[in-house]
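Observations on the three-dimensional arrangement
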Number of protein chains: 2
Amino acid sequence: MAYTYKYPHPAVSVDIAIFTIRDEALKVLLIRRGQPPYRGEWALPGGFVGLEESLKHAAWRELKEETGVNAVYLEQLFTFGHPQRDPRERVISVAYFALIPSDKLEIKAASDADSVDWFGIEEVPKLAFDHKKILRKALERVAAKLDYSTIAFQLMPETFTMPQLQHVYEVITRVPTDKRNFRKRMLALNVIEQTGEEKRTGAHRPAKLYRVVDRNKVDYIK
Amino acid sequence: MAYTYKYPHPAVSVDIAIFTIRDEALKVLLIRRGQPPYRGEWALPGGFVGLEESLKHAAWRELKEETGVNAVYLEQLFTFGHPQRDPRERVISVAYFALIPSDKLEIKAASDADSVDWFGIEEVPKLAFDHKKILRKALERVAAKLDYSTIAFQLMPETFTMPQLQHVYEVITRVPTDKRNFRKRMLALNVIEQTGEEKRTGAHRPAKLYRVVDRNKVDYIK
DNA sequence: GCAAAAGTGTTATCCCTACACCCATGA
DNA sequence: TCATGGGTGTAGGGATAACACTTTTGC
């Protein structure tokens, strides 16, 4: 079966930079390509857009295929369309990024084994296509949004401590912050509350646990 | 001649919201469609992406076709891809917005006469496709960027006065501002300088003229 | 009791806001 | 001379940034 058009049509794909926090670091999900082009190289998960599905739907579908999760933060990033970005044919890629809380991860369940893995953003290998460029832009966007929105909480587990939260800010923005000021700033957002519980992790004072009052909601500041 | 693919491919277009300031108001350029669908209705200028050109190139091409200008501010806005947004076939639209200084306009030279016109953003008629949605998003983006960047100067002519500049801010953000504070804020940006000239426009004190030190450059604030 | 990380308040500084009068011009 | 819009400075308040010591725990 073939599809014929009067004018040339490009192919359209979605690619997703999926982020999470693990082992105190910001990680991105990559898959090892099983098919040419770039067979054997790492790439962002992605795929072609179905003719009857919306772009966002395609992004959700890919996200679920690779991670099993569904209710996470997903945002359109940018559309990349350089004529030679794919050696096969003209492929225009609508890029998205997703933020997954560290406790929702089941990965590798849905997808096939050792061709999927999380990489610290410092240790990302060479990537197929222009995926390095996509990843860079996604990181910029996420870092910028920490400053004027509450998306950071989309990366936090159900309950978390202040030092944990601060750590997330610091690994993403690379700006070290005074912990007293950071605490004040977070509480002033009015989107988290104490659970009453504490978390003890070693030979030191336990940390108070917090939760987000309304997950699913992202506030914009100022 | 026909183009055949193994899998179905959507068509990809670019649509552009082109803004300028005229008669003290923010205007957007619309074209009246000469072909179905939506024949006779107004729409954002746009067209299909050539197989060998980048998305930005396609946007520039359309922009130049309609306005004759080339050196203006052009930014990718968002990609719209609902399956039914075009009644003919699946069309994915990569939307851009452009800002043109009021003194660079020649319009209607390049394009065909009375099927192109500028509309104040308050008087935009019903638009074809989902172009109202695109326009709304473009306006939001521009208004938001006034707060944290210097894109406003991309709308200003070679030389301009403070009241003119303030007017641009006010028509876009709809936030009236104290003129003393506004002036201080603008000067603190360090991107404009006095020309030494004045502009006299009526029975009142003449206004000092300013120019942008480095056009082409857009600063991000804070 | 000691090391390690968590928790906590106050002060100084900067930035933003509010606010009112004089000036230069054309008619 | 009068109406019109352009130009100018200061003081107060709120937000942000700087800064050091005490607490709780595990070993």
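What this report covers is the structure whose coordinates are included nearby. Computed from a predicted structure; not experimentally measured. (Residues numbered from 1 in each chain as written. Chains lettered and ligands numbered in written order. Predicted model: local features only at pLDDT ≥ 70, side-chain atom pairs only at ≥ 80, totals over all residues. Heavy atoms only, no water.)

Let's talk about the protein's contact with DNA strand C
Quick note on the threshold: What makes a residue near a molecule or strand is one non-hydrogen atom of that residue sitting within 4 Å of it. Under this definition, polar contacts are N or O atom pairs within 3.5 Å; protein pairs additionally need one hydrogen-donor-capable and one acceptor-capable atom, and for neighbouring residues in sequence, both atoms have to be side-chain atoms.
Surrounding DNA strand C, one finds 21 residues, the nearest of these being A:Arg183, A:His204, A:Lys208, B:Ala203 and B:Arg205. In DNA strand C, atoms within 4 Å of the protein come from the sugar-phosphate backbone in 43% of cases. Note that a base nitrogen of DNA strand C is positioned 3.1 Å from one of the side-chain N or O atoms of B:Arg180. Between a base oxygen of DNA strand C and a main-chain N or O atom of B:His204, the distance comes to 3.0 Å.

A closer look at empty space enclosed by the protein
Residue and element names in this part refer to chain A. For clarity, the cut-off: Definitions used for this entry: grid spacing 1 Å over protein atoms alone; cavity, a set of points where a 1.4 Å probe fits but cannot get out; pocket, an open set with protein on both sides within 12 Å along at least 5 of 7 lines; lining residue, one with an atom within 4 Å of a point. Grid points are joined across faces, edges and corners, and a volume is the space filled by probe spheres set on the points. Residue polarity follows a fixed list, in which Ala, Val, Leu, Ile, Met, Phe, Trp, Tyr, Cys and Pro are nonpolar, Asp, Glu, Lys and Arg are charged, and the others, Gly among them, are polar.
By the definition in use, this model includes one cavity of 30 Å³ or more. Size it by volume and the largest cavity reaches roughly 30 Å³. In this structure, the largest cavity is lined by Phe 153, Gln 154, Val 212, Asp 214, Arg 215, Asn 216 and Lys 217. A per-class count over the lining of the largest cavity returns two nonpolar, two polar and three charged.

Concerning the protein's contact with DNA strand D
Formally: Starting at the N terminus, helices and strands are each numbered in turn, a helix being any DSSP run of H or I of at least four residues and a strand any DSSP run of E of at least two.
Within the structure, DNA strand D sits among 21 residues, and A:Arg205, B:Arg183, B:Ala203, B:His204 and B:Lys208 are positioned closest to it. Taken together, the sugar and phosphate atoms account for 42% of what DNA strand D places within 4 Å of the protein. In this structure, A:Arg205 approaches DNA strand D through a main-chain N or O atom, which is 2.5 Å from a base oxygen. Within the backbone of B:Lys208, a nitrogen or oxygen atom sits 2.6 Å from a phosphate oxygen of DNA strand D. Those elements that provide at least two residues to the surface near DNA strand D are helix H4 (179-188) of chain A together with helix H4 (179-188) and strand E11 (207-212) of chain B. Counting residues per element, the surface near DNA strand D draws most heavily on H4(B), which supplies four residues. Here the surface near DNA strand D is composed, by residue class, of six nonpolar, four polar and 11 charged.

Brief notes about the pattern of salt bridges
Under the convention used in this document: Salt bridges are defined as contacts in which a side-chain nitrogen from Lys or Arg sits within 4 Å of a carboxyl oxygen from Asp or Glu. The rule is simple: take the accessible area with a 1.4 Å probe, protein chains only, and divide by the maximum for that residue type; under 20% is buried, over 50% is exposed, in between is partly exposed.
Scanning the entire structure with this criterion turns up 30 salt bridges over all chains. B:Arg215 serves as the salt-bridge partner of B:Glu158, at 3.6 Å between the closest nitrogen and oxygen. With a gap of 57 residues between them, B:Glu158 in the loop between helix H2 (131-148) and strand E9 (160-161) and B:Arg215 in the segment after E11 connect regions that are remote in the sequence. Judged by relative accessible area, which is 47%, B:Glu158 ranks as partly exposed. Salt-bridge contacts for B:Arg180 lead to B:Asp178; the nearest nitrogen and oxygen are separated by 3.8 Å. Overall, B:Arg180 belongs to the exposed group, its relative accessible area being 63%. Judged by relative accessible area, which is 33%, B:Asp178 ranks as partly exposed. Here the residues in one salt-bridge network are A:Glu53, A:Arg61, A:Glu62 and A:Glu65, joined through shared partners.

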